[in-house]
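# Structure at a glance
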Amino acid sequence: MSDLAETFRLMKEHTKAKKLSNLEHSTQLLIDKGVEFESKNGGVHLIVSNNGIIADFWPSTGKFQIRGKGYSRGVKNLLNQLKVKL
(Lines give C-alpha, C1' and ligand atoms only; values in the text may rest on other atoms or scores of the structure.)
Protein backbone atom coordinates (compact mmCIF):
# COMPACT_ATOMS: atom_id res chain seq x y z
CA MET A 1 0.00 0.00 0.00
CA SER A 2 1.35 3.42 -0.88
CA ASP A 3 2.04 6.04 1.76
CA LEU A 4 -0.77 8.21 0.41
CA ALA A 5 -3.29 5.37 0.58
CA GLU A 6 -2.18 4.52 4.12
CA THR A 7 -2.51 8.16 5.17
CA PHE A 8 -6.00 8.33 3.67
CA ARG A 9 -7.02 5.11 5.46
CA LEU A 10 -5.76 6.45 8.79
CA MET A 11 -7.57 9.77 8.28
CA LYS A 12 -10.79 7.92 7.48
CA GLU A 13 -10.48 5.79 10.63
CA HIS A 14 -9.80 8.89 12.73
CA THR A 15 -12.86 10.68 11.30
CA LYS A 16 -15.07 7.67 11.98
CA ALA A 17 -13.83 7.42 15.59
CA LYS A 18 -14.28 11.17 16.13
CA LYS A 19 -17.88 11.08 14.86
CA LEU A 20 -18.68 8.17 17.18
CA SER A 21 -17.12 10.03 20.10
CA ASN A 22 -19.10 13.17 19.24
CA LEU A 23 -22.32 11.17 19.03
CA GLU A 24 -21.78 9.60 22.46
CA HIS A 25 -20.63 12.81 24.18
CA SER A 26 -23.34 15.06 22.72
CA THR A 27 -26.15 12.59 23.45
CA GLN A 28 -24.92 12.11 27.02
CA LEU A 29 -24.74 15.89 27.53
CA LEU A 30 -28.40 16.22 26.49
CA ILE A 31 -29.33 13.44 28.92
CA ASP A 32 -27.30 15.03 31.73
CA LYS A 33 -29.01 18.40 31.17
CA GLY A 34 -32.46 16.79 31.18
CA VAL A 35 -33.30 17.79 27.62
CA GLU A 36 -36.04 15.70 26.03
CA PHE A 37 -35.33 14.12 22.65
CA GLU A 38 -36.60 11.45 20.31
CA SER A 39 -33.96 9.24 18.71
CA LYS A 40 -34.18 8.39 15.01
CA ASN A 41 -31.95 6.18 12.83
CA GLY A 42 -30.16 4.54 15.75
CA GLY A 43 -29.37 7.83 17.46
CA VAL A 44 -27.81 9.50 14.42
CA HIS A 45 -30.71 12.02 14.24
CA LEU A 46 -32.32 13.43 17.38
CA ILE A 47 -35.45 15.53 17.57
CA VAL A 48 -34.79 17.75 20.57
CA SER A 49 -37.34 19.88 22.43
CA ASN A 50 -37.10 22.29 25.34
CA ASN A 51 -39.03 25.43 26.37
CA GLY A 52 -41.36 24.99 23.37
CA ILE A 53 -38.43 25.01 20.93
CA ILE A 54 -37.95 22.01 18.62
CA ALA A 55 -34.69 21.25 16.82
CA ASP A 56 -33.31 18.54 14.58
CA PHE A 57 -29.84 17.55 15.79
CA TRP A 58 -27.19 15.28 14.30
CA PRO A 59 -24.84 14.62 17.24
CA SER A 60 -22.05 12.95 15.24
CA THR A 61 -21.40 16.19 13.33
CA GLY A 62 -22.88 18.68 15.79
CA LYS A 63 -25.14 20.09 13.10
CA PHE A 64 -28.59 21.27 14.20
CA GLN A 65 -31.54 23.23 12.92
CA ILE A 66 -34.08 24.99 15.07
CA ARG A 67 -37.32 24.29 13.19
CA GLY A 68 -38.10 27.20 10.88
CA LYS A 69 -34.58 28.65 11.08
CA GLY A 70 -31.19 28.01 9.51
CA TYR A 71 -28.53 25.47 10.39
CA SER A 72 -25.83 25.87 13.05
CA ARG A 73 -23.28 23.64 14.73
CA GLY A 74 -22.25 22.65 18.24
CA VAL A 75 -24.07 20.95 21.07
CA LYS A 76 -23.34 23.85 23.44
CA ASN A 77 -24.70 26.29 20.89
CA LEU A 78 -27.81 24.09 20.62
CA LEU A 79 -28.26 24.13 24.40
CA ASN A 80 -27.97 27.93 24.37
CA GLN A 81 -30.61 28.17 21.64
CA LEU A 82 -32.88 25.88 23.70
CA LYS A 83 -32.31 28.12 26.75
CA VAL A 84 -30.68 25.33 28.79
CA LYS A 85 -28.19 26.42 31.45
CA LEU A 86 -24.71 25.02 30.92
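A short tour of the structure in this document, coming up. Just so it is clear, the model here is predicted, and its values are computed rather than measured. (Residues numbered from 1 in each chain as written. Predicted model: local features only at pLDDT ≥ 70, side-chain atom pairs only at ≥ 80, totals over all residues. Heavy atoms only, no water.)

A few words on the sheet that holds strand β2 (residues 45-50). Across the sheet, five strands lie side by side as β1-β2-β3-β4-β5; this open sheet has antiparallel pairing. Each end of this open sheet is capped by a strand with a single partner; those strands are β1 (36-40) and β5 (71-73). Averaged over all neighbouring strand pairs, the angle between strand axes comes to 25 degrees, with direction disregarded. Relative to β5, strand β4 (residues 63-66) runs antiparallel, the two sharing three bridges. Note that in β5 the partner of K63 across the bridge is R73. (Pairing = 2+ DSSP bridges. Helix = DSSP H or I, 4+ residues; strand = E, 2+ residues; numbered from the N terminus. Axes fitted to C-alpha atoms, helices over the stretch in contact; angles between N-to-C directions.)

With five bridges joining them, β2 and strand β3 (residues 53-58) adopt antiparallel strand pairing. In the strand pairing of β3, L46 is matched with F57. Linkage of β3 to β4, two consecutive antiparallel strands, is achieved through a turn of four residues, within which G62 is found at a positive phi near 85 degrees.

This part takes up the side chain of D56. Tracing the sequence through the fold places D56 in strand β3. Discounting chain neighbours no more than four positions away, the residues touching D56 are H45, L46, I47, K63, F64, Q65 and R67. (Contact = heavy atoms within 4.5 Å.)

Before going further, it helps to spend a moment on the pairing of β2. Summarising the sheet, β1 and β2 pair through five bridges and their orientation is antiparallel. In the sheet register, E36 faces β2, and the bridge partner there is S49. Between β1 and β2, which pair antiparallel and follow one another directly, the connecting turn spans four residues, one of which, N41, has a positive phi of 50 degrees. Two successive antiparallel strands, β2 and β3, enclose a turn made up of two residues, where N51 displays a positive phi of approximately 50 degrees.

Before going further, it helps to examine the environment of I31. Inspection of the secondary structure puts I31 in helix α1 (residues 3-32). C-alpha of I31 to C-alpha of I53: the two residues are 22 residues apart in sequence and 17 Å apart in space.

Moving on, we come to the environment of A55. Here A55 is to be found in strand β3. Separated by 27 residues in the primary sequence, A55 and L82 place their C-alpha atoms 8.5 Å from one another. Leave out the neighbours within four places in its chain, and A55 touches L46, I47, V48, Q65, I66, R67 and L78.

So, to be careful, I would describe these as geometric facts and stop short of saying anything about function.
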